[in-house]
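# Close look at the chain arrangement
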Amino acid sequence: MPTPLGWYLGLSAVIFTIGVLGVLVRRNVIIIFMAIELMLNAVNLTFVALARSLGSLDGQVIVFFVMTVAAAEAAVGLAIILAMFRNRETTNADELATLKW
Amino acid sequence: MVVETTLLRWIVALPALGVLFHVFLGRRATGAVKIIGPGVVAAAFGVVVAAALRLHALPEGAALHDRVYEWIVAGPFHADVAFRFDALTAVMTLVVTGVGFLIHVYSVGYMHGDAGFARFFAYLNLFTTAMLILVLADNLLLLFVGWEGVGLCSYLLIGFWYEKPENAAAGKKAFLVNRIGDAGFLLGLFLIVWTLGTHGIWSLDVTAIEEHLNVLAPVALPVCLLLFVGATGKSAQIPLYVWLPDAMAGPTPVSALIHAATMVTAGVYMIARLHALYALAPAALTVVATIGAATALFAGVIATAQTDIKRVLAYSTVSQLGYMFLGLGVATTGAAVFHLVTHAFFKALLFLGAGSVIHGLGGEQDLRRMGGLRTRMPITFATMAVATLAIAGVPPLSGFFSKDEILWGAFAGAHPLPTLGVIGLVVAGLTAYYSGRLLFLAFFGDCRASEETQHHLHESPLVMTAPLVVLALLAVVGGALPVPALVTGEAHEAATPLAFMTVATLLAFGGLALAYWLHVVRPDVPGLIAARLDGFYDLVRDKFRIDELYDALVVRPLFALADVSAWQIDPRLIDGAVNGAAAFVGATSGVWRRAQTGNVQHYALSFLVGALVLVGYYVSR
């Protein structure tokens, strides 16, 4: 008997919540970045689980898109973090708060 | 009867072409400027003569018309650039181009060697163009273009030697005082357009106005008075005459052409052109006549005590213009235009003669340092003497006829005002006195100039004396011109009684004799009289301190207002409002600004809250 859909969705919700908390709570930009990846993958898990349960390929296709965007985002994001570190010698989000009024 | 032609546009175009030449090539070709400057005016004179001959061949009351192009179309209103040539225009254009040509020739000698020679002729030709537009215009809007054009040229030429601050100031004064008059003129035009427009006549053509006088009758008085305000500015009448004496800062040919012969008569021409309208408002005519007579007397009195030769002539011009307005006011339009013509001859001659004297004396303008020039400058003296006799009204010279007609009109014309006629007679005596005084002080007695100046004293060259001689001839025979008959289209009513002529002649001789006695026979007496009349004499010499009065009443309050604006209103009110608005926005936004911390995690939290709210909304719905 296959694993019920609820388990997948529950696991996905837990991972997503960990990701959100990581983004909000941690101060290291690289950790925040990883937490974002966690959220994206939680969503991917939901898509795949629902696709299988509904017998549709749409969800699986969207996962590919998400992974592509995530890869691009990782490249750009890491480049930004690298540039910031070169300038400020820090990866602490609290100290990178000059982009305001 | 109106005959269409394309001839008239050339009258205006020829001097305009001269302007273009002087502006673009004049600096490199001074020799050509000497020919082309007077040449284009002579050519325009030729065209005017041709047009006048064609007009003469037509029946009386006819006119030539030249529609150049459609100028303004604004809804139902429309105005053309179109010229109209009737008897009055013919007289005016002949004077403008004829006398103008002589003055152009004279200027070639007078301005010889001046650094701004080409610029001078550019302005002079431009003035001629504008003046011709003014007198040829067939609608009041185009007339206004010429009106402003001559005002501009007047400003440019008064301040021609702009390196001297007082010359620039005189130009500015002329311009500003004229603006006051022009505002009145414009308001008058608006009132005409408005009144005609409400009756469906959207035009400012002079003929349209003359055809719809019944429509204009209810507003004739305000219209006439407003237009007259314009005339007082342009033609230097009380209360706006103050710019003309200062305008003598310009080169002397300018004084002769613009500030004696042509431009200052624009107001007279305008009222003569609209005499049918003025006839509807006798009260306005009375105002015109009263202002004219008052100006004639006032300026005549001032002229008796001036020592600057050009200022005497300037006040004399103001006074003579007063005569013309008196003539207009007593509804003897023909006589007023007649005096305009003869005045153009003898006053241009007086100015050019004075210029010749100033030229010979190396720039000296003070009558007290002249004297005895009779033998040293014989041609100038002879022509000046003719002009003096003409302006004094000695028969049979031109001034006698025109002045007599105006004065007799004041007693027995269509709109008689005998009191003003008496004032006019007094001014006739005054005119003879101050003109004689000028002549005797400059040309009789011993020379009071310095040795140095006397050594360089010389008669002016032929290019300057020839125009003097021609103008002198005109001043002599000008009285025979049938101007009033031409202008009014009626038989010449030379019905001035012999007794009246005798009175006027006696006044002329009396004034001249008094001047001779006071300034040649007993030169010590004027000083004694001046001492006796201590306060009054000073007042007259200081021109009744009108400039000071205007300064206190108008100029200084305006400056004070400007100061208040500059130091209080501008920084406090205007800047205060602008800075205050910015400060208000800054202060109120300070609170909300705190929400932007710059910390990305705070933003992320707000995303989350927003997302939760949205999700909550859709779930709970």
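Our subject is the structure listed above.
Read on for a plain summary of the structure. Because the structure is predicted, anything quoted here is derived from the model rather than measured. (Residues numbered from 1 in each chain as written. Chains lettered and ligands numbered in written order. Predicted model: local features only at pLDDT ≥ 70, side-chain atom pairs only at ≥ 80, totals over all residues. Heavy atoms only, no water.)

### Some thoughts on a nonpolar patch on the surface
What counts here: For patches, a residue must show more than 30% relative accessible area and have no salt bridge; joins then use 9 Å for like charges and 5 Å for nonpolar side chains, namely Val, Leu, Ile, Met, Phe, Trp and Tyr. Reported accessibility uses the Shrake-Rupley method at a 1.4 Å probe radius. Residues are deemed covered only where the shown protein chains occlude them. Salt bridge, as used here: a side-chain nitrogen of Lys or Arg that lies within 4 Å of a carboxyl oxygen of Asp or Glu. Segments assigned H or I by DSSP are reported as helices when at least four residues long, segments assigned E as strands when at least two residues long, and all are numbered from the N terminus.
On the surface, Leu549, Leu553, Val554, Val555, Leu558, Phe559 and Leu561 of chain B cluster together to form a nonpolar patch covering roughly 670 Å² of accessible area. Among the structural elements, Leu558 of chain B can be located in helix α27 (residues 546-593).

### Describing the sheet that holds strand β1 (residues 2-4) of chain B
Residues and elements named next belong to chain B. Selection criterion: Strands pair, by our definition, only if DSSP identifies at least two bridges between them. For every element, the axis is a line fit to its C-alpha atoms; helices are fit only across the contacting stretch, and the angle between N-to-C directions ranges from 0 to 180 degrees.
One open sheet accounts for three strands, arranged β1-β2-β3; its pairing is mixed. Each having just a single partner strand, β1 and β3 (77-85) make up the two edges of the open sheet. Averaged over all neighbouring strand pairs, the angle between strand axes comes to 45 degrees, with direction disregarded. Strand direction decides the pairing type here: β1 and strand β2 (residues 63-74), joined by three bridges, are parallel. When the sheet's bridge partners are listed, Val2 is paired in β2 with Ala63.

### Focus: the pattern of salt bridges
Residue and element names in this part refer to chain B. For clarity, the cut-off: Residue burial is assigned from relative accessible area. The probe radius is 1.4 Å, only protein chains are included, and a residue is buried under 20% of its type maximum, exposed over 50%, and partly exposed in between.
Following the criterion strictly, the structure yields 17 salt bridges over all chains and no others. Here Arg522 makes a salt bridge to Asp524, at a shortest N to O gap of 3.4 Å. The exposure class assigned to Asp524 is partly exposed, which follows from its relative accessible area of 42%. It is possible to trace a salt-bridge network through shared partners that takes in Lys173, Asp246, Arg311 and Asp547.

### Details of the packing of aromatic side chains
Residues and elements named next belong to chain B. Rules: Whether two aromatic rings pair depends on their centres lying within 6.5 Å, for rings of Phe, Tyr and Trp, where Trp uses its six-membered ring; planes under 30 degrees apart make the pair stacked, over 60 edge-to-face, and the rest tilted. Two limits define a charge over a ring: the Lys NZ or Arg CZ must be within 6 Å of the ring centre, and within 35 degrees of the ring normal.
As enumerated under the stated definition, the model contains 23 aromatic pairs over all chains in all. Between the aromatic rings of Phe411 and Phe500, the centroid separation amounts to 5.6 Å while the plane-to-plane angle is 70 degrees, which identifies the pairing as edge-to-face. Linking Phe411 in helix α19 (residues 398-412) with Phe500 in helix α24 (residues 498-521), this pair joins segments that are 89 residues apart in sequence. Ring plane angle 75 degrees and centroid distance 5.3 Å describe the contact between Tyr617 and Tyr618, whose orientation is recorded as edge-to-face. Classification of Tyr617 as partly exposed rests on a relative accessible area of 46%. Among the residues examined, Tyr618 registers a relative accessible area of 52% and is labelled exposed. Through a chain of ring-to-ring contacts, three or more aromatic side chains come together here, namely Phe117, Phe120, Phe121, Tyr123, Phe160 and Trp161. We note Arg119 situated over the ring of Phe160; from NZ or CZ to the ring centre the distance is 4.2 Å. Geometry around Phe444 places Arg374 over its ring, the cationic atom sitting 4.5 Å from the centre.

### Considerations on the environment of Trp202 of chain B
Residue and element names in this part refer to chain B. Worth spelling out the cut-off: By definition in these notes, contact holds between two residues if any of their heavy atoms fall within 4.5 Å.
With respect to the secondary-structure elements, Trp202 resides in the loop between α6 (165-198) and α7 (206-211). For Trp202, a relative accessible area of 33% corresponds to the partly exposed category. Note: C-alpha distance between Trp202 and Leu124 (78 residues apart in sequence) is 35 Å. With sequence-adjacent residues up to four places away left out, Trp202 is seen in contact with Pro76, Phe77, His78, Val193 and Gly197.

### Examining helix α22 (residues 462-477) of chain B
All names here are of chain B. Stated formally: A helix is expected to span 1.5 Å multiplied by its residue count minus one. The directions from the helix axis to the C-beta atoms are what the arc is built from.
Across its 16 residues, α22 extends 22 Å between first and last C-alpha, which sits within 8% of the 22 Å expected from 1.5 Å per residue. When α22 is considered as a whole, its buried residues turn out to be Met464, Thr465, Pro467, Leu468, Leu471, Ala472 and Ala475. For α22, the angular spread of the buried residues around the axis is 155 degrees, confining them to a single face. Exposed residues pointing more than 90 degrees away from the buried face of α22 are listed as Leu462 and Leu473. Lining the buried residues of α22 we find α3 (87-110), α16 (333-360), α18 (378-392) and α19.

### Notes on the pairing of β2 of chain B
Two strands pair when backbone bridges link them, and β2 of chain B and β3 of chain B are joined in this way by nine bridges, in the antiparallel orientation. Across the sheet, residue Arg67 of chain B finds its bridge partner in β3 of chain B, namely Ala82 of chain B.

### Considerations on α18 of chain B
All names here are of chain B. The terminal C-alpha atoms of α18 lie 21 Å apart, and with 15 residues this matches the ideal 21 Å at 1.5 Å per residue to within 8%. Within the sequence span of α18, burial applies to Thr380, Phe381, Thr383, Met384, Ala385, Ala387, Thr388, Ala390, Ile391 and Ala392. Gly393 occupies a position one or two residues after α18 and carries a positive phi of about 90 degrees.

### Some remarks on the packing of helix α2 (residues 29-54) of chain A against helix α3 (residues 58-88) of chain A
Residue and element names in this part refer to chain A. Our working rule: An angle below 35 degrees is treated as roughly parallel, one above 145 as roughly antiparallel, one from 65 to 115 as roughly perpendicular, and anything else as oblique. In this classification, the charged set is Asp, Glu, Lys and Arg, the nonpolar set is Ala, Val, Leu, Ile, Met, Phe, Trp, Tyr, Cys and Pro, and all remaining amino acids, among them Gly, are polar.
With their axes 9 Å apart at the nearest point, α2 and α3 run at an angle of 175 degrees to one another. With respect to each other, α2 and α3 are oriented roughly antiparallel. Between α2 and α3, the residues in contact are Val29, Ile30, Phe33, Ile36, Glu37, Leu40, Asn44, Phe47, Val48 and Ala51 and Gly59, Gln60, Ile62, Val63, Val66, Met67, Ala70, Glu73, Ala74, Gly77, Leu78 and Ile81, respectively. Looking at the contact of α2 with α3, its residues break down into 16 nonpolar, four polar and two charged.

### Description of the interface of chain B and chain A
Short version of the rule: Any N or O atom pair separated by 3.5 Å or less is treated as a polar contact, with the protein-specific requirement of one donor-capable and one acceptor-capable atom, and with residues adjacent in sequence counted only for side-chain atom pairs.
Contact residues are listed per partner, giving 11 residues for chain B and 14 residues for chain A. Our enumeration of links across chain B and chain A arrives at zero salt bridges. Applying the counting criterion to the chain B and chain A interface returns four residue pairs in polar contact (both at pLDDT 80 or more). At five residues, helix α28 (residues 600-620) of chain B tops the list of elements feeding residues into the side of chain B that touches chain A. Here the side of chain B that touches chain A is built from residues that sort into four nonpolar, five polar and two charged.

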